[in-house]
Amino acid sequence: MVLTERIPLVADEAGGLRVEGTRVYLEDLLDAYEGGLSPEEMVLAYPSLNLADVYVVLAWALRHPEEVAAYRARAKRVAQEAEERVRVHFPKALLARLGRA
């Protein structure tokens, strides 16, 4: 008997991976896991999650570290590019006060 389980992750329009049926991104679960939260605590923190889905997503992430690392690197690059596009609209004095000039 061959059992296969579908991974409940869906890509949004920007390429981010969310847990299907929720607004919770893969990186949110990974950050919570790396921060020491158990799957049960994640469901308490994000009530839209299903406990079984959290376990499946975490198991997939642990089995595919290269894919997860590539996804996280791409997400970080996209966020940095977005910040650079927005930065040109902020006054330089404000950026200096924020320490981001």
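Residues numbered from 1 in each chain as written. Predicted model: local features only at pLDDT ≥ 70, side-chain atom pairs only at ≥ 80, totals over all residues. Heavy atoms only, no water.

Here's the deal with the overall build of the chain
Note the cut-off: Working definition: helices are DSSP H or I runs of at least four residues, strands are E runs of at least two. Numbering for both runs from the N terminus. Within these notes, the globule rule equals 2.2 Å times the number of residues to the 0.38 power, and the radius of gyration is based on C-alpha atoms. For every residue, the accessible area obtained with a 1.4 Å probe (protein chains only) is divided by the maximum for its type, and the residue is called buried under 20%, exposed over 50%, and partly exposed between those limits. The contact criterion used is simple: two residues touch if any of their non-hydrogen atoms lie within 4.5 Å. Here the open area of atoms and residues is found with the Shrake-Rupley method and a 1.4 Å probe, where only the protein chains shown may cover a residue. A residue counts as positive if it is Lys or Arg and as negative if it is Asp or Glu; His and the chain ends are not included. Every charge is mapped to an atom, namely NZ of Lys, CZ of Arg, CG of Asp or CD of Glu.
Assigned secondary structure in the chain consists of 5 helices and 2 strands. The C-alpha atoms of the chain give a radius of gyration of 17 Å, which is well past the 13 Å a tight globule of 101 residues would have. Once the C-alpha set of the chain is aligned to its principal axes, its extents read approximately 65 × 25 × 20 Å. Expressed as a percentage of its 101 residues, the buried residues of the chain come to 24%. Sequence separation of at least 24 residues holds for 41% of the intrachain contacts in the chain that already meet a minimum separation of 6. Accessible surface computed for the chain: about 7,400 Å², of which carbon and sulfur atoms make up 57%. When the 13 basic and 16 acidic side-chain charges of the chain are each reduced to a single mean position, those positions are 10 Å apart.

With respect to the packing of helix α3 (residues 51-63) against helix α4 (residues 65-87)
Test applied: Working convention: axes come from line fits to C-alpha atoms, limited for helices to the stretch in contact. Angles between N-to-C directions cover 0 to 180 degrees. Any angle between 65 and 115 degrees counts as roughly perpendicular, while under 35 counts as roughly parallel, over 145 as roughly antiparallel, and the rest as oblique. For this classification, Asp, Glu, Lys and Arg are treated as charged, while Ala, Val, Leu, Ile, Met, Phe, Trp, Tyr, Cys and Pro are nonpolar and the rest, including Gly, are polar.
Two elements in contact, α3 and α4, have axes whose closest approach is 5 Å; the angle formed by their N-to-C orientations is 100°. Comparing the axis directions of α3 and α4 gives the class roughly perpendicular. In this structure, α3 uses Trp60, Ala61, Leu62 and Arg63 to contact α4, whose residues at the interface are Pro65, Glu67 and Val68. Classifying every residue of the contact of α3 with α4 by side-chain character gives 5 nonpolar, no polar and 2 charged.

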